[in-house]
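Chain by chain, the residues run as shown.
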Amino acid sequence: MSKILIIEDDLSIGEMMSIYLYEDGYEVKRAENGRQGEDLFRDFQPDMIILDLMLPDMDGIQLCTTIRQTSTIPILMVTARNEVSDRVRGLQTGADDYLCKPFSMRELSARIQALFRRSSSYPPQVAPPSDTLDPLGIHLDLEKRCLYVNGKSIETTFSEFEIMKLFWQNQGRVYSREELLNRVRGFDSQVTERAIDVHIANLRKKIEDDPKEPKHVKTVWGVGYKFLLG
């Protein structure tokens, strides 16, 4: 049974989500503010977090940043604010998906299933042998879900790792933003393609010597992105 932590200060919305997800077969705990959410995150050890952007004691962005310091579990951010700038901020901070209020419980369930599905739905493929490692030491351990650069483990969000995994298994192939979005989040997602640009920018900061002149995650102008070693 997967565990979901809901951090939502609106009692009616929080209760509705809790009941619906419990009936969907999840183990659910709910926090009504950021501090309580931090405590439950440590004690409950959830498999996914549903995080409200606007909390009474702290900004959801702030809490997302704190969680990302120690965890890469999927984070679904929900909010009544639907400006593009808010979505971009959430994704840059480490959120994996974004759902605007009001939303249906069916859509919430679909988003959750899509995020969980991404970690297990791809057919098994063989990663490149160790002698094909980039001279800088970029390596992806698919079994442990770890990204290494020069032997050092690099923290990634759920979506960043899924994009990197797709690149790693299909080096040199060009992917459009739409293809990356569909492969990472599922066809039920309504998040804009701008989200992919944010994840790509974050990956470049983590693996490139110079993110402004990337050698590995290359832009194919007018099409999308591709990944190269060496």
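Just above sits the structure.
Residues numbered from 1 in each chain as written. Predicted model: local features only at pLDDT ≥ 70, side-chain atom pairs only at ≥ 80, totals over all residues. Heavy atoms only, no water.

How do you make sense of the packing of helix H3 (residues 60-68) against helix H4 (residues 84-93) when you look at a structure like this?
Packed helix pairs are characterised by how far apart their axes lie and by the angle those axes make with each other. Contact geometry for H3 and H4: axes closest at 9 Å, N-to-C directions at 20 degrees. Of the possible angle classes, the one that applies to H3 and H4 is roughly parallel. Considering how the two elements wind past one another, H3 and H4 form a crossing that is right-handed. Residues Ile61, Cys64, Thr65 and Arg68 of H3 lie in contact with H4, whose contacting residues are Arg89, Gly90 and Thr93. The class makeup of the residues in the contact of H3 with H4 is 2 nonpolar, 3 polar and 2 charged. (Axes fitted to C-alpha atoms, helices over the stretch in contact; angles between N-to-C directions. Helix = DSSP H or I, 4+ residues; strand = E, 2+ residues; numbered from the N terminus. Parallel < 35°, antiparallel > 145°, perpendicular 65-115°, else oblique. Left-handed = near helix turned anticlockwise from the far one by under 90°. Contact = heavy atoms within 4.5 Å. Nonpolar A, V, L, I, M, F, W, Y, C, P; charged D, E, K, R; others polar.)

What should I look at first to understand the packing of aromatic side chains in this one?
Aromatic rings in a pair are described by how distant their centres are and how their planes are angled relative to each other. Scanning the model with the defined rule gives 4 aromatic pairs in all. Between Tyr26 and Phe116, the aromatic rings sit 6.0 Å apart at their centres with planes inclined by 25 degrees, giving stacked as the arrangement. One end of the pair, Tyr26, is in the loop between helix H1 (11-23) and strand S2 (27-31); the other, Phe116, is in helix H5 (residues 105-118), and 90 residues separate them in sequence. You'll find Tyr26 and Phe116 in the same group, each marked buried. Their ring planes at 55 degrees and their centres at 6.3 Å tell us that Phe167 and Tyr175 sit as a pair that is tilted. Classification of Phe167 as buried rests on a relative accessible area of 0%. Joined through ring pairs, the aromatic side chains of Phe167, Trp168, Tyr175 and Phe227 make up one cluster. A cation over a ring is seen here: Lys3 above Phe44, with NZ or CZ 5.0 Å from the ring centre. (Phe/Tyr/Trp six-rings, centres within 6.5 Å; stacked < 30°, edge-to-face > 60°. Buried < 20%, exposed > 50% of the residue type's maximum accessible area, 1.4 Å probe, protein only. Lys NZ or Arg CZ within 6 Å of the ring centre and 35° of its normal.)

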